[in-house]
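Listed below are the residues making up each chain.
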Amino acid sequence: MKLPHRRQFLHLAAGAAALPTLSRVARAQAYPSRPVRIVCGYPPGGVVDIYARLIAQWLSERLGQQFIVENKPGAGGTIAAETVVRAVPDGHALLLATSADAWNTTLYDNLKFNFARDVAAVAPISRGPGVLVLHPSLPPKSVPELIAHAKNNPGKVTVASAGIGSAPHMYWELFRSVTGVEMLHVPYRGGGPALTDLLGGQVQAYFGTSASTIEYVRTGKLRALAVTSATRAAALPEVPAMAEFLPTYEASIYVGIVAPRNTPADIIGRLNQDINIALTDPKIKLRIAELADTPLSLSVADFTKLISDETEKWAKVIRAANIKPE
């Protein structure tokens with residue numbers, strides 16, 4: 001009589017041990033149970049919004065629930081980030097995050113959250129460089145020539161940005177910290193006005209995003225000296241990488257999905273898997289290439305590390321330059 005009882009006990013114990021795993025699998029399979037918000041910290045029509053809608057459509061078709069983009073622009077994306085940080089951690093509120101969320105941790109000293117601590121990395125979508133472009137009236141034809149020209153004319157070369165804390169501003173500040181050159185920084189309220197004045201010759205240099213500048217480079221309206229990534233960009237293969245002249249220089253923007261901290265790991269894993277599958281789809285890859293970016297497929301752990309590394313890197317730049325938001 002003892003042996004059957006023992007077998008029954010072991011069977012029940014094994015079944016009980018399997019319950020947490022089965023419940024996690026069931027939860028992941030049942031997700032999402034209602035429409036999912038992808039909060040975007042930028043206005044409709046911009047590159048970040050395009051990415052939000054691109055991945056929302058893919059996930060809607062793949063997971064059988066609507067993924068809806070909710071635009072909450074303002075304060076460099078921090079309003080959107082706080083909205084998601086405060087949301088219920090059940091996978092039904094996600095953030096379309098960028099490198100700006102990493103550097104905002106240092107840029108804004110009054111935030112009520114810590115981005116790297118208070119979000120759960122899900123999956124990146126892409127990474128893209130900036131492009132150092134000049135108005136054709138400025139003589140330098142290469143990065144070394146620009147550095148020499150700026151040092152011979154300190155504070156006389158004007159460099160535009162899309163505003164304090166924008167990607168073009170961060171790229172310029174990193175360039176300044178590496179080279180020691182001084183240019184006159186002219187912040188605009190957005191990349192559109194900055195590009196308009198650059199094309200008109202009111203300002204002379206700009207570290208623009210690849211998506212916003214590539215057509216002007218191709219048509220000769222702007223002169224590209226370098227892409228800001230460590231290697232050349234597929235969209236502009238004839239343009240040198242900044243690292244060819246400045247080995248320690250690298251600046252690029254990641255775009256990806258994050259969720260509130262404590263979102264169940266099985267849901268995070270399900271989304272990571274589906275987004276990585278999306279990055280193998282020819283239509284998705286083509287759209288990313290049209291934006292002059294490169295698909296970025298990473299595990300949850302590697303994306304978590306990327307966010308941490310970017311936060312640390314840009315904190316040093318911001319503190320060294322004593323940058324304060326407008």
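For the structure, see preceding data.
Residues numbered from 1 in each chain as written. Predicted model: local features only at pLDDT ≥ 70, side-chain atom pairs only at ≥ 80, totals over all residues. Heavy atoms only, no water.

Enquirer: It is not clear to me how the overall build of the protein chain should be interpreted in this structure. Could you clarify?
Expert: Counting its regular elements, the protein chain contains 12 helices and 10 strands. Taken along the three principal axes of its C-alpha coordinates, the protein chain extends 95 × 40 × 35 Å. Looking at the protein chain as a whole, 49% of its 326 residues are labelled buried. Across the protein chain, every contact between residues at least 6 apart in sequence was considered, and the portion connecting residues at least 24 apart equals 76%. Approximately 15000 Å² of the protein chain is accessible, and the part contributed by carbon and sulfur atoms is 57%. When the 33 positive and 26 negative side-chain charges of the protein chain are each reduced to one mean point, those points stand 6 Å apart. (Helix = DSSP H or I, 4+ residues; strand = E, 2+ residues; numbered from the N terminus. Buried < 20%, exposed > 50% of the residue type's maximum accessible area, 1.4 Å probe, protein only. Contact = heavy atoms within 4.5 Å. Areas by Shrake-Rupley, 256 points an atom, 1.4 Å probe, with all protein chains shown as cover. Lys, Arg positive; Asp, Glu negative; His and termini not counted. Charge placed at Lys NZ, Arg CZ, Asp CG, Glu CD.)

Enquirer: Is there a simple way to think about the packing of helix H4 (residues 99–107) against helix H12 (residues 300–321) in this case?
Expert: Two quantities define a packed helix pair, namely the angle between the axes and the distance from one axis to the other. For the pair H4 and H12, the least separation of the axes is 8 Å and the interaxial angle reads 45°. Relative to H12, H4 is oriented oblique. For H4 against H12, the interelement crossing comes out right-handed. Of the residues in H12, those touching H4 at Ser 99, Ala 102, Trp 103, Thr 105, Thr 106 and Leu 107 are Ile 307, Glu 310, Thr 311, Trp 314, Ala 315, Ile 318 and Arg 319. In terms of residue class, the contact of H4 with H12 is built from seven nonpolar, four polar and two charged. (Axes fitted to C-alpha atoms, helices over the stretch in contact; angles between N-to-C directions. Parallel < 35°, antiparallel > 145°, perpendicular 65-115°, else oblique. Left-handed = near helix turned anticlockwise from the far one by under 90°. Nonpolar A, V, L, I, M, F, W, Y, C, P; charged D, E, K, R; others polar.)

Enquirer: Would you mind going over the layout of surface pockets with me for this structure?
Expert: Summary: where empty space remains is shown by rolling a probe the size of a single water molecule over the atoms. What the largest pocket holds in volume is close to 1200 Å³. Considering the residues around the largest pocket, the lining is formed by 50 residues, among which Tyr 42, Ala 162, Ser 166, Ala 167 and Pro 168 are closest to the centre. Elements with a minimum of two residues in the lining of the largest pocket: helix H2 (47–63), H4, strand S4 (119–134), helix H7 (167–179), helix H8 (191–200), strand S7 (205–209), helix H9 (210–218) and strand S9 (252–260). For the lining of the largest pocket, a count of residues per class yields 27 nonpolar, 19 polar and four charged. Roughly 310 Å³ of volume is contained in the second largest pocket. Around the second largest pocket, the lining is made up of 18 residues, and of these Arg 127, Pro 129, Ser 229, Ala 233 and Thr 294 lie nearest the centre. Where the lining of the second largest pocket is concerned, the elements lending two or more residues are S4, helix H11 (282–290) and strand S10 (294–295). Considering every element that reaches the lining of the second largest pocket, the biggest residue donor is S4, with three residues. Residues that form the lining of the second largest pocket fall into these classes: eight nonpolar, five polar and five charged. (1 Å grid on protein atoms, 1.4 Å probe; cavity = no way out; pocket = protein on both sides within 12 Å on 5 of 7 lines; lining within 4 Å. Points joined across faces, edges and corners; volume = space filled by probe spheres on them.)

Enquirer: Hey, could you run me through helix H3 (residues 78–85) in this one?
Expert: One turn of an α-helix holds 3.6 residues; hence residues three or four places apart share an orientation. Within H3 the residues assigned to the buried category are Thr 78, Ala 80, Ala 81, Val 84 and Val 85. With its buried residues spanning 160° around the axis, H3 presents them on a single face. For H3, the elements touching its buried residues are strand S1 (36–40), strand S3 (93–98), H4, helix H5 (115–118), S4 and S9. (Arc of directions from axis to C-beta.)

Enquirer: In this structure, what is going on with the packing of aromatic side chains? I would like to understand it.
Expert: Aromatic ring pairs are defined here through the distance separating the ring centres and the angle between the ring planes. Under the definition given, this model contains five aromatic pairs. Ring-pair connections join several aromatic residues into one group, and the members of that group are Trp 172, Phe 175, Phe 207 and Tyr 249. (Phe/Tyr/Trp six-rings, centres within 6.5 Å; stacked < 30°, edge-to-face > 60°.)

Enquirer: Honestly, the pairing of S7 in this entry has me stumped. Any pointers?
Expert: Looking down a regular strand, the side chains alternate between one sheet face and the other. The element S7 is extensively covered by neighbouring structure, given that four of its five residues are classed as buried. When strand S5 (residues 158–161) meets S7, the two strands line up parallel, connected through two bridges. Bridging from a neighbouring strand, Val 159 pairs with Ala 205 of S7. (Pairing = 2+ DSSP bridges.)

Enquirer: How should I be thinking about the side chain of Ser 166 in this particular structure?
Expert: For Ser 166, the position within the fold is in the loop between S5 and H7. The exposure class assigned to Ser 166 is buried, which follows from its relative accessible area of 14%. Engagement of the side chain of Ser 166 in a polar contact is seen with the backbone nitrogen of Ala 162, the distance being 3.4 Å. When near neighbours in sequence (up to four residues on either side) are disregarded, Ser 166 contacts Trp 103 and Ser 161. (Polar contact = N/O pair within 3.5 Å; in protein donor to acceptor, adjacent residues only side chain to side chain.)

Enquirer: I tried to follow the packing of H2 against H11 on my own but got confused; where do I start?
Expert: With their axes 12 Å apart at the nearest point, H2 and H11 run at an angle of 180° to one another. As the angle between them shows, H2 and H11 are arranged roughly antiparallel. Contacts between H2 and H11 involve Ile 50, Tyr 51, Leu 54 and Trp 58 on the former and, on the latter, Ile 284, Arg 287 and Ile 288. Of the residues assigned to the contact of H2 with H11, the class counts are six nonpolar, no polar and one charged.

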